[in-house]
Structure formats: C-alpha cells, structure tokens
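Residue-level listing of the chains:
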Amino acid sequence: MREAARLANRFSSRSQICDQQTPGGPFKRGFDVIGAMAALVVLSPLLAMLAGLIKFADGGSVVYGHRRIGRGGKVFRCWKFRTMVENGDEVLNAYLAANPQAREEWEAARKLQDDPRVTRVGAVLRKFSLDELPQILNILRGEMSFVGPRPVVKDELELYGNAAPYYLSARPGLTGLWQVSGRSDVSYGARVAFDRHYVENWSFTSDVKILIRTVPAVFSSRGSY
C-alpha cells in the first residue's frame, strides 16, 4: 500500500487524471466480470493442457506472478504461464553484461528480441500470447480489464513521463491498442501515445473493436517476442 500511495502521489502531481473515474466505470467492470467467468469455463481445457506442457517440459512451476503497477499505482501480481527458465534474473544479468548491444535494446524497450531466458515451450506460448491467459484471474480480481494499457513494471512507468497519470487512471488490459498496433515492433514512445489516446477517447465500441482486432494480431504474431 505504501508503494501504491508513493507512485500515485508522485505522478498525480502532474495531473488530476488519476482522480477521475476508471474509463468505462461500472459498465466496463461488469463486462469484464461476466466475460472473465465465461472465458474460464470455455478455455479450461486449453488452460489445463498448457499447464501440463509447461510442467512436463522441465518440471518447474506452471505460472509466474510478476509485480506490476495497476490503477492508482497499486502494485499487484500479474499472472502468466511461465515461459522462462526459473533463474531468469541471473541469466538476463549475465547476458546483458556480456552483450552491450543487447543491454541497449533492453534499456530502450525492456524487451529482447532474442531473449536467452525463454524456454522452447515458452517461445510458442509467447508467439501466440497464450502465456497471458492466466491474467483472466487478474480481471476477475479487479486488478485488470480485458482492454486497457498493458501492465508495466515500476521502471517502465518512468518512461511514461507526463503521460503516466493516464496509465494510472485505468486498469491494465489483457489486450490493448498497443497490442493490436504492432506491439514490440513499435517504439516505446508510440506505446505511451497509444495508452494516452485509449484513456482519453475510451468508448465501449473502441473496446469491442480492439478485442476483435486482437484475434488476427495474435495469429499473425506481429511484434510478439
């Protein structure tokens, strides 16, 4: 809670947007709850199969909860199917220390196109965004929404600059405008602009359009790494 308050106070001083109602309000939240419950029922066989594949591959944990920044600066565990080796931090630090070019890529986008931490099964899951499916639980808990800015870590929020209050005013999304507009193929500055535009221009119609566009975006695998 202290971390949430610190982040919210730090960035809300630039704008009062964080004090406004979450985009979509109760209507959007109701849609999320009903949709998440239906998705868990329909996708349960797929979720069980993917969990089995991950467990069988290396015997490690199936899901991974990473600390992300949510609405109002609240920190929550964003759940994903594990796609990386379990000592990922050690592997990443060693790789960045030995590869200055990769370090520059990481510092610019917080992602690596050739990430040494990703397992074989994980590469397939990430290619089709299947690793994100456990975030349906985050939606049910009210920490995320089906559509919104993709959840970021604290260091990434710094990159939002004056646009950070826009991010903090919304629940992070399972998919979003950035997700259907090229993902990692676009610059981080463009990602920030997409998130700001989404919050400023929210409508239920825009959410439906983004959900529809997510299907071909996932199957095309554009920008997924």
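Residues numbered from 1 in each chain as written. Predicted model: local features only at pLDDT ≥ 70, side-chain atom pairs only at ≥ 80, totals over all residues. Heavy atoms only, no water.

### Describing the layout of surface pockets
Any space left empty among the atoms is revealed by the rolling of a water-sized probe across them. Roughly 560 Å³ of internal volume is contained in the second largest pocket. Lining the second largest pocket we find 19 residues, and of these L133, L174, T214, V215 and V218 sit closest to its centre. For the lining of the second largest pocket, the elements supplying multiple residues, two or more each, are helix 2 (25-58), strand 4 (173-175) and helix 10 (204-220). In terms of residue count, helix 10 provides more of the lining of the second largest pocket than any other element does, five residues in total. Within the lining of the second largest pocket, the residues separate by chemical class into 14 nonpolar, four polar and one charged. (1 Å grid on protein atoms, 1.4 Å probe; cavity = no way out; pocket = protein on both sides within 12 Å on 5 of 7 lines; lining within 4 Å. Points joined across faces, edges and corners; volume = space filled by probe spheres on them. Helix = DSSP H or I, 4+ residues; strand = E, 2+ residues; numbered from the N terminus. Nonpolar A, V, L, I, M, F, W, Y, C, P; charged D, E, K, R; others polar.)

### Examining the pattern of salt bridges
Summed over all chains, the structure comprises nine salt bridges. Among the ionic pairs, E132 bridges to R150, the shortest N-O distance being 2.7 Å. Taken together, the residues span a long stretch of sequence, with E132 in the loop between helix 5 (120-127) and helix 6 (135-140) and R150 in the loop between strand 3 (145-147) and helix 7 (154-158) at a distance of 18 residues. Exposure remark for R150: the relative accessible area of 7% places this residue in the buried category. In this structure, R191 engages E156 in a salt bridge whose closest nitrogen and oxygen atoms are separated by 3.8 Å. One end of the pair, R191, is in helix 9 (residues 188-200); the other, E156, is in helix 7, with 35 residues separating them in the sequence. Judged on exposure class, the residue R191 and its partner E156 are both buried. Because the salt bridges share partners, they merge into one network encompassing K80, E132 and R150. (Salt bridge = Lys/Arg side-chain N within 4 Å of Asp/Glu carboxyl O. Buried < 20%, exposed > 50% of the residue type's maximum accessible area, 1.4 Å probe, protein only.)

### Observations concerning the environment of A217
Mapping A217 onto the fold places it in helix 10. Residue classification places A217 among the buried positions, given a relative accessible area of 13%.

### Considerations on the pairing of strand 1 (residues 63-69)
In this structure, strand 1 lies alongside strand 2 (residues 75-81), joined through seven bridges in antiparallel fashion. Paired with Y64 across the two strands is K80, which belongs to strand 2. (Pairing = 2+ DSSP bridges.)

### Looking at the environment of H66
Take H66: it is sitting in strand 1. In this structure, the C-alpha to C-alpha distance between H66 and K80, residues 14 residues apart in sequence, is 8.1 Å. Discounting residues that sit within four places of it in the chain, H66 has contacts with F76, R77, C78 and V153. Of the polar contacts made by the side chain of H66, one reaches the side chain of R68; its length is 3.1 Å. (Contact = heavy atoms within 4.5 Å. Polar contact = N/O pair within 3.5 Å; in protein donor to acceptor, adjacent residues only side chain to side chain.)

### As for empty space enclosed by the protein
Across all of its chains, the model carries one cavity of 30 Å³ or more by this definition. By volume, the largest cavity amounts to about 70 Å³. Surrounding the largest cavity, 13 residues form its lining, T22, P23, K28, S145 and R171 being those nearest its centre. Those elements that place two or more of their residues in the lining of the largest cavity are helix 2 and strand 3. Considering every element that reaches the lining of the largest cavity, the biggest residue donor is helix 2, with four residues. In the lining of the largest cavity, the residues fall into four nonpolar, five polar and four charged.

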